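Given next are the chains, with one letter for each unit.
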Amino acid sequence: MNKTYDYIIVGAGSAGCLLANRLSADPNNNVLLLEAGGKDNNIWLHIPVGYFKTMNNPKFDWMYKLEKDQGVNNRRIDWPRGKTLGGSSALNGLLYIRGDKHDYDNWEHLGNKGWGFNDILPYFKKSECQENGKSKYHGVDGELKVSNLRLKRKIAEYFIKAAQEIGIPYNPDCNSEEQEGVGYFQQTSYKGFRKSSYRSFLTKKIRKRNNLTITTDTQMSKLIFSGKKVIGVKCIQKGKETEIYANCEVILSAGSIASPQILQLSGIGDAELLEKLGIDVIHNNPAVGKNLQDHLQVRMVYKTSTRTLNDELNTWWKKAMIGLQFLFFRTGPLTLSASQVYAFTNTSLDGSRPNIQFHMQPLSADKPGDGVHPFSAFTISVCNLRPESRGKVLINSADPSQPPTIISNYLSTEGDQKIAVESIKVARKIAKASSLKKYILDEFVPGESYTSDEQLLEVAKNNSQSIYHPVGTCKMGHDDSSVVDDQLKVHGISGLRVVDASIMPELISGNTNAPTMMIAEKAADMILGEKLL
Ligand SMILES: Cc1cc2nc3c(=O)[nH]c(=O)nc-3n(C[C@H](O)[C@H](O)[C@H](O)COP(=O)(O)OP(=O)(O)OC[C@H]3O[C@@H](n4cnc5c(N)ncnc54)[C@H](O)[C@@H]3O)c2cc1C
């Protein structure tokens with residue numbers, strides 16, 4: 001590492017890797033990408049289903065634990081976050097979803113100029129390499145491979161038919177004109193292998209650029225200021241603290257937990273909290289770390305008379321066959337993304353804007369990452385797409401090695417509770433539609449004895465898990481509740497931007513990986529455009 005770069009990007013995750021590629025495309029920019037985690041040379045980071053091995057593994061996962069949350073009956077929910085090159089895109093479920101166009105029009109409506117759907121669509125397309133070809137909504141010239149599933153199971157087909165029988169239309173592409181509908185997911189993989197942001201945007205060829213330095217096992221601890229201008233970062237490498245300086249900007253792409261944590265550790269946050277922890281206040285902004293939003297899924301498991309992946313995974317020789325299938329054909333269960341089928345609909349089932357998303361999996365387990373059940377079964381999980389509940393990420397120590405306190409406040413509004421209850425009812429309607437019903441033996445979780453709204457709310461509180469989409473903790477906007485402006489510059493500070501999932505003012509209606517990359521793509525244009533002025 002040198003002592004000085006033009007741009008220092010903190011965090012080699014979904015956003016950081018894309019940004020490092022784009023900024024270093026100009027040979028006049030000297031770019032440093034800092035990553036706290038290690039190299040991504042473990043095979044399970046490349047085989048899609050590897051998330052079962054990499055999640056909850058401290059080598060690759062920050063392994064955050066939420067505070068006890070009353071909304072989910074005082075459970076402490078796990079929040080995995082990638083800690084390696086590629087960040088969370090190296091261990092996520094691979095699902096490629098953009099959200100609904102109204103999400104982005106709403107961001108613009110909230111005062112964020114240039115973030116409406118028509119403005120951001122070109123950025124989705126720019127980084128995309130879509131297997132199904134070019135269209136008004138899709139690009140083929142980008143680095144991010146978006147592929148069709150390489151494994152299909154009959155039970156998924158029955159689910160798709162059943163959803164149509166209750167009025168959810170078939171939609172082969174929910175990332176286009178209309179989000180509503182049921183269909184097969186696409187995933188960020190190529191020829192059977194996962195494509196993380198690192199493997200997509202920082203290929204060998206790009207890494208050879210003389211003006212790009214990538215360091216791993218380097219945790220940034222604090223920003224360095226000259227007055228209210230950021231001029232560099234302090235980081236810890238092999239136990240030693242180093243200072244590195246930025247001629248142009250420091251860009252935080254450390255994700256929705258670490259970006260607000262770094263801001264607070266550096267003196268940007270709620271002055272009262274920072275003073276209590278003995279941190280010098282550079283800029284008082286109580287909004288830092290607030291506005292935390294996430295998708296909470298309620299999971300239902302159905303025993304079935306037809307074969308599911310559970311049957312394929314429960315003996316050693318079948319597992320060996322699966323290994324061979326992957327080895328020779330790059331197909332089969334090892335290529336499985338976290339789900340096979342999506343359905344976006346409204347709990348009223350009247351065709352209005354979807355407010356819930358289903359993820360259907362042709363397998364079942366007690367919780368994501370656990371071994372599969374020893375019987376044929378499948379899972380329907382459902383989440384509220386735009387929860388009203390808001391949590392927060394607050395540091396509890398001036399020590400950067402201490403994880404922050406994460407308060408989720410799940411199901412803390414009546415509206416969210418109602419949608420949770422109604423969404424279980426919609427799931428049951430799909431299960432009772434004739435194409436699926438004939439194969440169902442039993443509702444294993446939660447069980448048919450739960451019927452009243454009060455009981456279903458208890459089900460949601462007891463059986464829910466995160467889908468790992470935390471956003472919003474460095475909110476983009478122009479009022480007191482925001483942290484960055486619509487150029488992603490931190491309010492009250494110069495030389496500093498945040499570019500990652502944390503800037504979303506409101507959670508988008510779907511999975512958050514592709515939208516985070518879109519944010520980075522747009523940010524790169526803004527940063528490079530500004531340099532030309
Ligand atoms: C288990 C799991 C499954 C998911 N499944 C899906 C899915 O199927 N589809 C989907 O669309 N979305 C999914 N998501 C969500 C999606 O992956 C994230 O929204 C997205 O990756 C966030 O990108 P980011 O750039 O904000 O942060 P990240 O990708 O998390 O990157 C942050 C990076 O910063 C590094 N870092 C943190 N602190 C420091 C520091 N102090 N110094 C240096 N580096 C630091 C981290 O190690 C990490 O590499 C999933 C997430 C998880 C965790």
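Below or above, wherever it landed, is the structure these notes cover. Note that the structure is a prediction, hence the values are computed from the model and not measured. (Residues numbered from 1 in each chain as written. Predicted model: local features only at pLDDT ≥ 70, side-chain atom pairs only at ≥ 80, totals over all residues.)

1. Some remarks on the overall build of the protein chain
So, step 1. Of regular secondary structure, the protein chain possesses 15 helices and 25 strands.
So, step 2. The C-alpha radius of gyration computed for the protein chain amounts to 22 Å, which stays within 12% of the reference 24 Å derived for 533 residues, consistent with globular compactness.
So, step 3. Dimensions of the protein chain, computed from C-alpha atoms along their principal axes, come out at roughly 70 × 50 × 45 Å.
So, step 4. The buried share of the protein chain, taken over its 533 residues, is 56%.
So, step 5. Look at the contacts in the protein chain between residues 6 or more apart in sequence, and 70% of them connect residues 24 or more apart. (Helix = DSSP H or I, 4+ residues; strand = E, 2+ residues; numbered from the N terminus. Rg over C-alpha atoms; globule rule 2.2 N^0.38 Å. Buried ≥ 20, exposed ≤ 12 C-beta atoms within 10 Å, placed from the backbone. Contact = placed C-beta atoms within 7 Å.)

2. Quick look at the site of the ligand
So, step 1. Around the ligand, the surrounding shell holds 44 residues, and the nearest of these are G11, G13, G87, G93 and N511.
So, step 2. When contributions to the shell around the ligand are tallied by element, the ones reaching two or more residues are α1 (14-24), β12 (218-226), α8 (255-265) and α15 (513-532).
So, step 3. Sort the elements by how many residues they give to the shell around the ligand and α8 lands first, with four residues.
So, step 4. A class-by-class count of the residues in the shell around the ligand yields 20 nonpolar, 20 polar and four charged. (Near = placed C-beta within 6 Å. Nonpolar A, V, L, I, M, F, W, Y, C, P; charged D, E, K, R; others polar.)

3. Describing the nonpolar core
So, step 1. Ranked by internal contacts, the top residues of the largest apolar core, which has 154 residues, are I8, I9, V10, L19, F159 and V250.
So, step 2. Broken down by element, this core gets its largest block of residues, eight residues, from α15.
So, step 3. Setting aside chain neighbours within four positions, we find F159 in contact with V341, M360, I430 and L436. (Core = buried A, V, L, I, M, F, W, Y, C linked by C-beta atoms within 7 Å.)

4. Some thoughts on the sheet that holds strand β8 (residues 186-187)
So, step 1. Read from one edge of the open sheet, three strands run β5-β6-β8, paired in mixed fashion. At either end of the open sheet lies a strand with only one pairing partner, and these are β5 (128-130) and β8.
So, step 2. The sheet contact formed by β5 and strand β6 (residues 144-148) spans three bridges and is parallel. When the bridges of β6 are listed, Q130 appears paired with V146. (Pairing = 2+ DSSP bridges.)

5. Concerning unusual backbone geometry
So, step 1. With omega at 0 degrees, the peptide bond leading from V445 into P446 counts as cis.
So, step 2. Tracing the backbone shows P446 in the loop between β23 (440-445) and α14 (453-463).
So, step 3. Look at N73: it is not a glycine, yet its phi comes out positive at around 55 degrees.
So, step 4. Along the polypeptide, N73 turns up in the loop between β3 (64-65) and β4 (78-79).
So, step 5. Residue N73 is classed as partly exposed on the basis of its 13 C-beta neighbours within 10 Å.

6. A short note on helix α3 (residues 101-109)
So, step 1. For α3, the set of buried residues is D103, Y104 and W107. Projection of α3 onto a plane perpendicular to its axis shows the buried side chains occupying an angular sector of 90 degrees, all on one side.
So, step 2. Just downstream of α3 lies G111, where phi reads positive at about 110 degrees. (Arc of directions from axis to C-beta.)

7. Remarks on the packing of helix α12 (residues 414-432) against α14
So, step 1. Between α12 and α14, whose axes approach to 9 Å, the crossing angle comes to 100 degrees. Compared by their axis directions, α12 and α14 come out roughly perpendicular. Residues Q417, A420, V421 and I424 of α12 form the contact with α14, whose own contacting residues are D453, L456, L457, V459 and A460.
So, step 2. Grouping the amino acids of the contact of α12 with α14 by side-chain chemistry returns seven nonpolar, one polar and one charged. (Axes fitted to C-alpha atoms, helices over the stretch in contact; angles between N-to-C directions. Parallel < 35°, antiparallel > 145°, perpendicular 65-115°, else oblique.)

8. Considerations on the environment of T405
So, step 1. One can find T405 in strand β22 (residues 405-407).
So, step 2. Residue class for T405 comes out partly exposed when judged on the 14 C-beta atoms lying within 10 Å of it.
So, step 3. Measuring from C-alpha to C-alpha, the distance between T405 and K101 comes to 33 Å, with 304 residues separating the pair along the chain.
So, step 4. Apart from residues no more than four positions distant in its own chain, T405 is found in contact with E67, L394 and N396.

9. Some thoughts on the pairing of strand β1 (residues 4-10)
So, step 1. In terms of burial, β1 is a largely internal element, five of the seven residues being buried.
So, step 2. Bridge analysis of β1 against strand β14 (residues 240-252) gives six bridges, and the strand direction is parallel. Opposite Y7, over in β14, you have E249 as the bridge partner.
So, step 3. As defined by bridge partners, β1 adjoins strand β2 (residues 31-34) across four bridges and the pair is classed as parallel. Residue pairing for β2: Y7 is matched across the bridge by V31.
So, step 4. Following the backbone out of β1, through α1 and into the adjacent parallel β2, one traces a crossover that is right-handed. (Right-handed = clockwise from strand over helix to strand, strands pointing away.)

10. Some points on the pairing of strand β20 (residues 377-384)
So, step 1. Within β20, eight of the eight residues are buried, leaving the element largely enclosed by the surrounding structure.
So, step 2. Judged by which residues are buried, β20 turns out to be covered on both faces: A377, T379, S381 and C383 on one side and F378, I380, V382 and N384 on the other are all buried.
So, step 3. By the bridge criterion, seven bridges tie strand β17 (residues 296-304) to β20 in an arrangement that is antiparallel. For R299, the partnering residue across the bridge sits in β20 and is S381.

11. Side note on the environment of V250
So, step 1. Assignment of secondary structure puts V250 in strand β14.
So, step 2. A tally of 29 C-beta atoms within 10 Å means that V250 is categorised as buried.

12. Describing the environment of Y51
So, step 1. Relative to the assigned elements, Y51 resides in helix α2 (residues 51-54).
So, step 2. Between the C-alpha atoms of Y51 and L94, which are 43 residues apart in sequence, the distance is 9.5 Å.

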